[in-house]
Amino acid sequence: MFAQAASIVSMRSSIDVHDARRAAPAEPPVALEAVVKTYRSGSDDVRALDGVSLDVAAGELVAIVGPSGCGKSTLLNLVGCVDLPTGGSVRIRGQETSSLGDDALTRLRRDGVGTIFQFFNLLPALTVEENVALPLMLQRVDRAAARERVAAVLRDVGIAEKARAYPAEISGGQMQRAAVARAIVHRPAILLADEPTGNLDQRNGEIVLALLRELAGRGQAILMATHSAEASSICDRVIVMKDGRIVSDASSGR
Ligand SMILES: Nc1ncnc2c1ncn2[C@@H]1O[C@H](COP(=O)(O)OP(=O)(O)OP(=O)(O)O)[C@@H](O)[C@H]1O
Ligand SMILES: [Mg+2]
C-alpha cells in the first residue's frame, strides 16, 4: 500500500535509523535566546529577526501574531530547523541547531518537528494514507507498524474513510486534516503551524483549531503563526511581533 511513498524515501539512502525514544531533555523543547536572522536581499540586509528570546514548554499552544513581514515564518523556520540563525541561540529539544552537522540537523528536523502549512502541501501523486505515512517511511518504521499508526491517526483527525483518496479528490478541510495527520504521525515533540486556517472556511478552521488544542493537551509544544483572532483566542499564550521583535508575550488566562 505504501509502495510509492517507500520508493520516494528509498532514494534517500543515506538516512540512518534514529532513536526517537531517547529521554526528553529537561529544558523546554523550544528555547530561543537573542536570536537574529538577517537575509541578504540584493545589496541590502533584511533583519527578519532582531533579538528574539522565547521558550515554549511541552503542552503549550502559542500563537505568533503580527503584521505581514514581521518575522513569523522566519521564526518558525528556525524552530523547524529548516534554516539557521545569523546570531543568538536556537535550542531545539536541548540541541543547539547552529552547532549541528547536516545529518544531525536533518534527524532533528525529521524526528522532532511536524509542520502544517496554509496550503496543506500534500503530494498530489500519493493517496492520503501514503502522504501521512511519509514521515514514518523517512524514519524507516516497519510497514505493518506504519500502516497501523497511519490508520489510527486518520481516525483521530476524522478522515479514516478518505485513506485511499488522492488529495484532488477531497475537500480543503479534509486536506488540512490529512496534513495535520502527516505532521503528528511520527509524534514529534514540536508542532509548527503557519497560517493553518488561512485557507479554510469557518467550520473547517474550527475543526483544525480543536485538533491543535487536543494535541497540546497530549503534551505537544505548538507554535502557530496566524492572522486570525479566532485562532489566537484558543491559544495559551499570544506573542505579538513587530519588525522582527517580540513586542508583547501574554498568557491568555485560559
Ligand atoms: N528568503 C528570504 N530572503 C530575503 N528576505 C526574506 C526572506 N524570507 C523572508 N524575508 C524577509 O524577512 C522579513 C520577515 O519575513 P517573514 O516571512 O518571516 O514574515 P511573516 O511575518 O511570516 O509575514 P506573513 O504574515 O506575510 O507571512 C520580511 O521583510 C521578508 O521580506
Ligand atoms: Mg509568513
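Residues numbered from 1 in each chain as written. Chains lettered and ligands numbered in written order. Predicted model: local features only at pLDDT ≥ 70, side-chain atom pairs only at ≥ 80, totals over all residues.

K.L.:
How do you make sense of unusual backbone geometry when you look at a structure like this?
P.N.:
Glycine aside, residues mostly have negative phi, and peptide bonds are mostly found in the trans state. In this model, Phe120 sits at a positive phi of 70°, which is unusual for a non-glycine residue. If you trace the backbone, Phe120 turns up in the loop between β6 (113-116) and α4 (128-138). Taking the number of C-beta atoms within 10 Å as the measure of exposure, Phe120 has 20 and is therefore buried. In this structure, Glu195 is a non-glycine residue whose phi angle is positive, near 50°. Its place among the elements puts Glu195 in the loop between β7 (190-194) and α7 (202-217). Exposure remark for Glu195: the 19 C-beta atoms within 10 Å place this residue in the partly exposed category. (Helix = DSSP H or I, 4+ residues; strand = E, 2+ residues; numbered from the N terminus. Buried ≥ 20, exposed ≤ 12 C-beta atoms within 10 Å, placed from the backbone.)

K.L.:
I would appreciate a short explanation of the packing of α4 against helix α6 (residues 172-184) in the present structure.
P.N.:
For any two helices packed against each other, one specifies the inter-axial angle together with the distance between the axes. It is at 7 Å that the axes of α4 and α6 come closest, and there the two elements cross at 25°. As far as their axial angle goes, α6 and α4 are roughly parallel. The interaxial crossing formed by α4 with α6 has right-handed handedness. Only Ala178, Ala181 and Arg182 of α6 make contact with α4, whose side of the interface consists of Val128, Asn131, Val132, Leu134 and Pro135. Among the residues making up the contact of α4 with α6, the classes are represented as six nonpolar, one polar and one charged. (Axes fitted to C-alpha atoms, helices over the stretch in contact; angles between N-to-C directions. Parallel < 35°, antiparallel > 145°, perpendicular 65-115°, else oblique. Left-handed = near helix turned anticlockwise from the far one by under 90°. Contact = placed C-beta atoms within 7 Å. Nonpolar A, V, L, I, M, F, W, Y, C, P; charged D, E, K, R; others polar.)

K.L.:
It is not clear to me how the site of ligand 1 should be interpreted in this structure. Could you clarify?
P.N.:
Around ligand 1, the neighbouring residues are Tyr39, Ser41, Val46, Ala48, Ser68, Gly69, Cys70, Gly71, Lys72, Ser73 and Thr74. Looking at the shell around ligand 1, the elements with two or more residues in it are β1 (30-41), β2 (44-56) and α2 (72-79). For the shell around ligand 1, the element with the most residues is α2, which contributes three residues. Residues belonging to the shell around ligand 1 are distributed by class as follows: four nonpolar, six polar and one charged. (Near = placed C-beta within 6 Å.)

K.L.:
Is there a simple way to think about the packing of α6 against α7 in this case?
P.N.:
Here α6 crosses α7 at 15°, and the two axes come no closer than 9 Å. Of the possible angle classes, the one that applies to α6 and α7 is roughly parallel. As α6 runs across α7, the sense of the crossing is right-handed. Of the residues in α7, those in contact with Gly172, Gly173, Gln176, Arg177, Val180 and Ile184 of α6 are Asn204, Ile207, Val208, Leu211 and Leu215. For the contact of α6 with α7, a count of residues per class yields six nonpolar, four polar and one charged.

K.L.:
Looking at this structure, I do not really get the pairing of β7. What am I missing?
P.N.:
On any regular strand, side chains alternate: one points to one face of the sheet, the next to the other face. Burial within β7 is extensive, with five of its five residues counted as buried. In β7, alternate side chains face the same way, and those of Ile190, Leu192 and Asp194 on one face and Leu191 and Ala193 on the other are all buried. Relative to β7, β6 runs parallel, the two being bridged by four bridges. Residue Gly114 lies in a different strand from β7, and its bridge partner there is Leu191. Looking at chain direction, β7 and strand β8 (residues 221-225) are connected through five bridges and run parallel. Residue pairing in the sheet places Ile190 in a bridge with Ala221 of β8. Viewed along the sheet, the connection from β7 through α7 into β8 turns out right-handed. (Pairing = 2+ DSSP bridges. Right-handed = clockwise from strand over helix to strand, strands pointing away.)

K.L.:
Sorry if this is basic, but what is going on with the sheet that holds β1 here?
P.N.:
Strand pairing in a sheet takes place through backbone hydrogen bonds and is either antiparallel or parallel in direction. Strand order in the open sheet formed by four strands is β2-β1-β4-β5, with antiparallel pairing between adjacent strands. For this open sheet the edge positions go to β2 and β5 (95-96), each flanked by a neighbour on one side alone. Bridge count for strand β4 (residues 87-92) against β5 is two bridges, and the pairing is antiparallel. Across the sheet, residue Arg91 finds its bridge partner in β5, namely Glu96.

K.L.:
So what exactly am I meant to see when it comes to the sheet that holds strand β10 (residues 245-251) here?
P.N.:
In spatial order, the strands read β6-β7-β8-β3-β9-β10; together these six strands make up an open sheet with mixed pairing. In this open sheet, the two edge strands, each paired with only one partner strand, are β6 and β10. Going from strand to strand, the sheet's axes swing by 20° on average, the running direction of each strand aside. Sheet topology note: the strand β9 (residues 237-242)/β10 ladder contains six bridges and is antiparallel. Each bridged residue has a counterpart across the sheet, and for Arg237 the counterpart in β10 is Ser251. Against the sheet, α7 engages β3 (61-65), β7 and β8, with an angle of about 150° to β8.

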